Amino acid sequence: MPSRTSQKDPHPTGITGRAVFGALNFLTGHSRPLPDSPKPSSRRRWESLGLPANHRARSNYQPPPITPSLPKRPRAISPSPGSKKDLSLYNQEQSPLFKLPADVLELICNHAIGNRLVHIMRRPSGGLGHECCILDGEGGPEACRKRQCRGIKLATGRYAKSSQPGEDLTALLQTCRKFYMSAIPILYGTTIFDFDSLESLITLSTSTLPHRFDSIQHLSFDFRFRTSHLFKEGSPSSDWARWERTWRVVGSIKALQTLRARIEWHKEDAGLVTERRWLDELIQVNGLKVFELELPGLTKAEEVVDEGFRRAHGEWEFAVRRREGMA
């Protein structure tokens, strides 16, 4: 018996239904069908905003919290900008340190806690931890990994504390409120925050005060997606939403100036077309002084295809350096 399909009528057919529908239509007008308007193509939408077809505006994205809120402390060290709490409380005004000129105090803060490479990682307790790089970034990500600057990575993707920890930047900040308020902008403005997973960056964005997170100026990534599945971590091939959200978060950092990233895809032959689709999300980050990517090398055939892509679609916002080999 032949099957028959019919589109369901959006309007009621019974007498009672028609009467109710007509009354609602007369009183409110909400039941009137809206005229269909053609949706402009993606290219036309960008051109209407005065942007090229392959360009996205800088994101103002602020990620929603994904971690439970901590109880409010009666003596919050870092009050919000709109807080009217008297910041003169709990200071150490009698200290000779605060009798120095402001520029001298700034130089001291820079020397004490500024211009460090700090690895941010998740701890087994559920929160975030940090380790100052023992090598201070010398030798690049490979040297840090061999030296185990971050510590030992567990099967859960979290890091146990290193047996050779670097210097502790938080001790000096906890001396008094006045020094904290003087030094914390230097910490966020000069530190290179280094991440090796998508999860750790997103967690930092949801557990840090927005105006502090927006004051970050330097980021460094070391994404090795070939081993992400071993540590239950996301990658563009297994968790596209997290990959896209990561670059929305990065694009929303208002003070960001430099970003250097080393990326290793989940397999050697990921393919140039797939790679370009993943890298398209990085268009959400623009206006940086330094934006560099280190990517796996290409075969001779892929180099020809990549040249064709760049001629057709233009260059990326970021500089790309290819490693030797496919890894």
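Before reading on, note that the structure itself is shown above.
This is a predicted model, so every value here is computed, not measured.

### Examining the pattern of salt bridges
Oppositely charged side chains may form a pair once their charged atoms are brought near each other. One pass over the full model with this rule turns up 23 salt bridges. Between Glu233 and Lys153 there is a salt bridge whose closest N-O contact spans 3.1 Å. Residue Glu233 is found in the loop between strand E6 (218–224) and helix H9 (240–252), and its partner Lys153 is found in strand E3 (residues 152–153); the two are separated by 80 residues along the sequence. We classify Glu233 as buried; its relative accessible area is 8%.

### Points about the nonpolar core
Counting 48 residues, the largest nonpolar core has Leu219, Phe221, Trp243, Val250, Ile263, Trp265 and Leu293 as its most contacted members. A total of seven residues in this core trace back to one element, the largest contributor, which is helix H6 (residues 177–190). In contact with Trp243, not counting residues within four places along its chain, are Leu198, Phe223, Phe225, Pro236, Ile263, Trp265, Trp278, Glu281 and Leu282.

### Structural notes on the packing of helix H3 (residues 102–113) against H6
The geometry of H3 relative to H6 is characterised by a closest axis approach of 9 Å and an angle of 55 degrees between their N-to-C directions. With respect to their mutual orientation, H3 and H6 come out oblique. Between H3 and H6 the crossing geometry is right-handed. Only Phe179, Ser182, Ala183, Ile186, Leu187 and Thr190 of H6 make contact with H3, whose side of the interface consists of Leu105, Glu106, Cys109, Asn110 and Ile113. Looking at the contact of H3 with H6 residue by residue, the class counts come to seven nonpolar, three polar and one charged.

### With respect to a nonpolar patch on the surface
Together, Leu100, Val104 and Ile108 make up an exposed nonpolar region whose accessible area comes to about 190 Å². Within the secondary structure, Leu100 is located in the loop between helix H2 (42–48) and H3.

### As for the pairing of strand E2 (residues 128–132)
Bridge count between strand E1 (residues 117–122) and E2: five bridges; the pairing is antiparallel. Counterpart to Arg122 in the pairing with E2 is Leu128. Taking the residues that link successive antiparallel strands as the turn, the E1-E2 hairpin has five residues, and the phi of Gly126 there is positive, at about 110 degrees.

### Remarks on the packing of aromatic side chains
Between two aromatic rings, the relevant description is the distance of the centres plus the angle of the planes. Taken as a whole and assessed by the stated rule, the structure comprises 12 aromatic pairs. Measuring from centroid to centroid gives 6.1 Å for Trp243 and Trp265, while their planes differ by 70 degrees, and the two rings are edge-to-face. Pair noted here: Trp243 is in helix H9 and Trp265 is in the loop between strand E7 (258–264) and helix H10 (272–279), with a separation of 22 residues, a long-range link. Residue Trp243 is classed as buried on the basis of its relative accessible area of 0%. Accessibility expressed as a relative area gives 4% for Trp265, which makes it buried. Cluster of aromatic residues (ring-pair linked, three or more members): Phe195, Phe221, Phe223, Phe225, Trp243, Trp247, Trp265 and Trp278. Its guanidinium or amino end placed over the ring of Phe231, Lys153 lies 4.5 Å from that ring's centre, counting from NZ or CZ.

### Focus on empty space enclosed by the protein
Here the structure, examined in full by the defined rule, presents two cavities of 30 Å³ or more. Sorting the residues of the lining of the second largest cavity by element identifies helix H7 (198–207) and E6 as the ones contributing at least two each. Residues of the lining of the second largest cavity, tallied by class, amount to three nonpolar, three polar and four charged.

### Thoughts on the side chain of Glu244
Along the chain, the position of Glu244 falls in helix H9. For Glu244, a relative accessible area of 18% translates into the label buried. Here Glu244 is in contact with Glu281 and Gln284, once residues within four sequence places are set aside.

### Re unusual backbone geometry
Unlike most non-glycine residues, Gln148 shows phi in positive territory, near 55 degrees. Here Gln148 is to be found in the loop between helix H4 (140–147) and E3. The residue Lys232 is not glycine, and still its phi comes out positive at about 60 degrees. Note that Lys232 resides in the loop between E6 and H9.

Conventions and cut-offs
- Residues numbered from 1 in each chain as written.
- Predicted model: local features only at pLDDT ≥ 70, side-chain atom pairs only at ≥ 80, totals over all residues.
- Heavy atoms only, no water.
- Salt bridge = Lys/Arg side-chain N within 4 Å of Asp/Glu carboxyl O.
- Helix = DSSP H or I, 4+ residues; strand = E, 2+ residues; numbered from the N terminus.
- Buried < 20%, exposed > 50% of the residue type's maximum accessible area, 1.4 Å probe, protein only.
- Core = buried A, V, L, I, M, F, W, Y, C linked by side-chain atoms within 4.5 Å.
- Contact = heavy atoms within 4.5 Å.
- Axes fitted to C-alpha atoms, helices over the stretch in contact; angles between N-to-C directions.
- Parallel < 35°, antiparallel > 145°, perpendicular 65-115°, else oblique.
- Left-handed = near helix turned anticlockwise from the far one by under 90°.
- Nonpolar A, V, L, I, M, F, W, Y, C, P; charged D, E, K, R; others polar.
- Patch = residues over 30% accessible without salt bridge, like charges linked within 9 Å, V, L, I, M, F, W, Y side chains within 5 Å.
- Areas by Shrake-Rupley, 256 points an atom, 1.4 Å probe, with all protein chains shown as cover.
- Pairing = 2+ DSSP bridges.
- Phe/Tyr/Trp six-rings, centres within 6.5 Å; stacked < 30°, edge-to-face > 60°.
- Lys NZ or Arg CZ within 6 Å of the ring centre and 35° of its normal.
- 1 Å grid on protein atoms, 1.4 Å probe; cavity = no way out; pocket = protein on both sides within 12 Å on 5 of 7 lines; lining within 4 Å.
- Points joined across faces, edges and corners; volume = space filled by probe spheres on them.

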